[in-house]
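So the chains spell out like this:
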Amino acid sequence: MSSQEKPALIGAGPLAGLGAFTIWGIFGLYFKMVSFAVPLEILSHRIIWSAVLTFAMIFALGRRKQLWVLISSAKTLGLLFLSSLLVAGNWVIYIWAVNSGNALEASLGYYIMPLIMLILARIFFAEKLNRIQILSVGICAIGVINLLVFYGQLPWIALSLSSLFGFYGVIRKFVPADPIAGLFVECALITPIALGYMIWLSGQGGMAFGHTGTTNDLLLVGLGVCTTVPLVLFAYAARNMKFSVLGLMQYLNPTLQFFVAVLVFGETFTSAHMVTYGLVWFGLGIFTWDNFRTARKNRRNS
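Residues numbered from 1 in each chain as written. Predicted model: local features only at pLDDT ≥ 70, side-chain atom pairs only at ≥ 80, totals over all residues. Heavy atoms only, no water.

### With respect to a nonpolar patch on the surface
And then number 1: A cluster of nonpolar side chains, contributed by I26, L29, F259, L263 and V264, occupies part of the molecular surface with about 460 Å² of accessible area.
And then number 2: For the nonpolar patch, the secondary-structure elements that each account for two or more residues are α2 (12-33) and α12 (252-264).
And then number 3: For the nonpolar patch, the element with the most residues is α12, which contributes three residues.
And then number 4: Mapped onto the secondary structure, F259 falls in helix α12.
And then number 5: Exposure remark for F259: the relative accessible area of 44% places this residue in the partly exposed category. (Patch = residues over 30% accessible without salt bridge, like charges linked within 9 Å, V, L, I, M, F, W, Y side chains within 5 Å. Areas by Shrake-Rupley, 256 points an atom, 1.4 Å probe, with all protein chains shown as cover. Salt bridge = Lys/Arg side-chain N within 4 Å of Asp/Glu carboxyl O. Helix = DSSP H or I, 4+ residues; strand = E, 2+ residues; numbered from the N terminus. Buried < 20%, exposed > 50% of the residue type's maximum accessible area, 1.4 Å probe, protein only.)

### Looking at the UniProt feature "domain: EamA" (unreviewed entry) in the chain
And then number 1: Those residues carrying the UniProt feature "domain: EamA" (unreviewed entry) are residues 13-146 in this numbering.
And then number 2: Taken end to end, residues 13-146 is 87% helix and 0% strand, and its two terminal C-alpha atoms sit 38 Å from one another. (UniProt positions renumbered as here; feature names shortened; annotations may be inferred.)

### Some thoughts on the packing of aromatic side chains
And then number 1: Under the criterion given, the structure shown has 23 aromatic pairs.
And then number 2: When the centroid spacing of 5.7 Å and the interplanar angle of 65 degrees are considered together, the rings of F21 and W24 count as edge-to-face. Placement of the pair is F21 and W24 together in helix α2, with a separation of three residues, close to one helical turn.
And then number 3: Cluster of aromatic residues (ring-pair linked, three or more members): Y111, F258, F259, F269, Y277 and W281.
And then number 4: The ring of F265 has K32 sitting right over it, with the charged end atom 4.9 Å from the ring centre.
And then number 5: Note that K173 overlies the ring of F125, its terminal NZ or CZ placed 5.5 Å from the centroid. (Phe/Tyr/Trp six-rings, centres within 6.5 Å; stacked < 30°, edge-to-face > 60°. Lys NZ or Arg CZ within 6 Å of the ring centre and 35° of its normal.)

And the structure:
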């Protein structure tokens, strides 16, 4: 192995990427720990404490200029408000899925997300799909239809998670914001909604924060750290390693979610799930192989 290859394998970039996807993959364990609160309160804490933490990081890391660029444009604020609603929807569905015994289906959503984004890229950015990519999408679609036939309903959790985050990615492509400043603005824009809900919930006597002990309060505050840290690690990894490798690494997230759901939460993995996951993994395998094949061809032609 040459000296030039070693940094790509053992450098800080890949370690940051592994850290980000590992945290995302086992995040369900944390949501189980805070299941004493209702999903919307968990979401509200995630929004509020993420806003507090990212605001502090903006000043600590000297990102005030990047923040000013975002808040000085009404159009940008409008797009980030829309993206904040989409990502909040993704968050609350995942929180609910984990705490209602549907973490397995949630992992399916993150497996099919790359292919959902492939479809959205064709719709919004006129990016052409080659035959292999179309085949990959078709195989995964058959997997989804299999669950529809077996259970008599679409796997709406998986489709909602992947679609919401896919549209979130579309909007963020129009707003190439600094990740920390961007997350702060998104959380700050919907913090009033989160605070309003918390005030209402407190008035109803249903709020866990401040009523279930100091340890539980700290766990709810920690949601901000668990939200912000993997995003920062991912942003660092994206700047310091090959994007193709980072793309392959992203499958660590739903794979860990899958094992947590089955082995830790004890959710049932039926024969229908086996067929669907088999088809999705096969489709993703073809999709990944095509990406590497195209990347090698581009390197040879460059």
